[in-house]
Amino acid sequence: VPQNINNTTSTVGSLNVAPMPFGNTANFNFTLETANNVVISVYNMMGAEVAQVFNGNLAAGVHTVAFDASDLISGNYIFRMQVGSEVAGGSIVKF
């Protein structure tokens, strides 16, 4: 079941993470309204960054970024997606 994120930004038309909960791989699915720099990071519940999923420029349109979480233990995590100067985020669960 994809997790739709309610706090999308004006530059991100839609954002969801699937599957939820996930095993060793999750996909960040999103639509960019305009070309922009995108940074997706994942943090543990202590606030330490455990993975930088993506950091680069993307064109406007629909995108899927795969997250290899095979190094992470089961549990709750927070992700942060920065598009230009705007930020969205949410919680994700690894089983």
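Everything that follows concerns the structure shown earlier in this document.
Residues numbered from 1 in each chain as written. Predicted model: local features only at pLDDT ≥ 70, side-chain atom pairs only at ≥ 80, totals over all residues. Heavy atoms only, no water.

(A) Fine view of the overall build of the chain. Scanning the chain from N- to C-terminus turns up zero helices and eight strands. Moving toward the C terminus, one meets the helices and strands of the chain in the order β-β-β-β-β-β-β-β. Burial statistics for the chain: of 95 residues in total, 41% are counted as buried. The long-range fraction of contacts in the chain, counting pairs at least 24 apart against all pairs at least 6 apart in sequence, stands at 50%. Accessible surface, the chain as shown: approximately 4900 Å² in total, 51% of it carbon and sulfur. (Helix = DSSP H or I, 4+ residues; strand = E, 2+ residues; numbered from the N terminus. Buried < 20%, exposed > 50% of the residue type's maximum accessible area, 1.4 Å probe, protein only. Contact = heavy atoms within 4.5 Å. Areas by Shrake-Rupley, 256 points an atom, 1.4 Å probe, with all protein chains shown as cover.)

(B) Representation of the environment of L58 in the model. Within the fold, L58 resides in strand β5 (residues 49-58). Given a relative accessible area of 16%, L58 falls into the buried group. Taking the C-alpha atoms as reference points, L58 and V83, 25 residues apart in sequence, are found 9.7 Å from one another. Beyond its immediate sequence surroundings of up to four residues, L58 is in contact with F30, L32, A35, N36, V38 and H63.

(C) Looking closely at the pairing of strand β2 (residues 12-18). Of all seven residues in β2, five are buried; the element is thus mostly enclosed. As judged from the six bridges shared by β2 and strand β3 (residues 25-32), these two strands associate in the antiparallel manner. Note that in β3 the partner of V12 across the bridge is L32. (Pairing = 2+ DSSP bridges.)

(D) Region of the structure containing the pairing of β3. Covered by surrounding structure in β3 are A26, F28, F30 and L32 only, the residues T25, N27, N29 and T31 on the alternate face being uncovered. The hairpin turn running from β2 into β3, its antiparallel successor, is six residues long. Where β3 and strand β6 (residues 61-68) come together, eight bridges link them in antiparallel fashion. What sits directly across from T25, in β6, is D68.

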